[in-house]
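# Coordinate analysis (summary)
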Amino acid sequence: MEKTISHKSSRFADYLKPGQVVELKSPEKVAAVEELLGVLAKQKLIANKKVLLTRVIDRENLESTAIGHGVALPHARVDTGGEIAIAVGRSGKGIDFDAIDGEKVHLVILVIWNPSIPGLFNHLFAGLARYLIRPEFRRRIFDAPDKTALYAVLSEIDLVLPHEEKIVHRAGLLKKLQEIEMKKRKAAKDQVKALQKNADILREELDESLLTRFDRLIERYGFAVADAVDGVCQGCNINISTQMYSAIEGSNDIYVCENCGKFLVSVRKKKK
Ligand SMILES: [Zn+2]
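A short tour of the structure in this document, coming up.

Rules of the game
- Residues numbered from 1 in each chain as written.
- Predicted model: local features only at pLDDT ≥ 70, side-chain atom pairs only at ≥ 80, totals over all residues.
- Heavy atoms only, no water.
- Helix = DSSP H or I, 4+ residues; strand = E, 2+ residues; numbered from the N terminus.
- Buried < 20%, exposed > 50% of the residue type's maximum accessible area, 1.4 Å probe, protein only.
- Contact = heavy atoms within 4.5 Å.
- Axes fitted to C-alpha atoms, helices over the stretch in contact; angles between N-to-C directions.
- Parallel < 35°, antiparallel > 145°, perpendicular 65-115°, else oblique.
- Left-handed = near helix turned anticlockwise from the far one by under 90°.
- Nonpolar A, V, L, I, M, F, W, Y, C, P; charged D, E, K, R; others polar.

### Things to note about the environment of glycine 94
Locating glycine 94 in the fold gives a position in strand 5 (residues 84–95). When its relative accessible area of 4% is taken as the criterion, glycine 94 is described as buried. The sequence separation of glycine 94 and valine 105 amounts to 11 residues, and the corresponding C-alpha distance is 5.0 Å. Every residue in contact with glycine 94, bar those within four places of it in the chain, is listed here: Pro27, Lys104, Val105 and His106.

Structure, rendered in structure tokens:
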């Protein structure tokens, strides 16, 4: 069952005021996140900048939040008192975020969200991805002549949940979770706690229905996420339909193998 979200339909601008949009000065990831946290602190939306910086970077190190095409969504789940705090930074030169496509990041959307509203982050993430996936929309963001124009473009984003079979930009996260769960099984007692902590951070970001399926597959087969290689599901060695394989290839979206039911992901190509 899908969790019901209190914010079924809302706009990105409901969470973003013009003062929360800036041109980034920092050429580097950690400094850029710190700069955006400074924006939130100035707006009195967060209290402890230092603690939050550690949390955001810890999460970033687990799995890059760069979703490709020059966009990153660094985030942390921390109770700030409010429901969600967002700051957006644009970088003309671009920042290295270890993106899936190797591209530098020109738009950084920092999200600090409250753990008491579990569906909100997925809602926001899906809504943003639905817009940012469109090249012409990104172009308008990158080409906006000033902050006011940039804010106007961002304000167009509405956050109605997309009704799509695929789950946008979450495949890498699911695969990372599986890696951690596998390590946990073989780990020494003193390491299990740290691995569990990392697993929990990732689990907080994934929908309950997705996790239920993930856990059921792990229990049954020992793993839940299978690589799609040369048109074949590595979980069951059966050919994937050509149409689905071409959609999966090079994508970070989650698909399900029609034969064995495991989550299919495209093998990430490291560009380094
Ligand atoms: Zn399969």
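That was the structure; now back to the text.
### Focus: the packing of helix 6 (residues 171–186) against helix 7 (residues 189–203)
Direction vectors running N to C along helix 6 and helix 7 enclose 160°, while the axes themselves pass 9 Å from each other. Classified by the angle their axes make, helix 6 and helix 7 are roughly antiparallel. Classified by chirality, the crossing of helix 7 by helix 6 is left-handed. Listed contacts from helix 7 to Leu173, Lys176, Leu177, Ile180, Glu181, Lys183 and Lys184 of helix 6 are Val192, Leu195, Gln196, Asn198, Ala199, Leu202 and Arg203. Partitioned by chemical class, the residues of the contact of helix 6 with helix 7 number seven nonpolar, two polar and five charged.

### Digging into unusual backbone geometry
Positive phi, close to 55°, is recorded for aspartate 98, a residue that is not glycine. Among the structural elements, aspartate 98 can be located in the loop between strand 5 and strand 6 (105–113). Residue aspartate 98 is classed as partly exposed on the basis of its relative accessible area, which comes to 28%.

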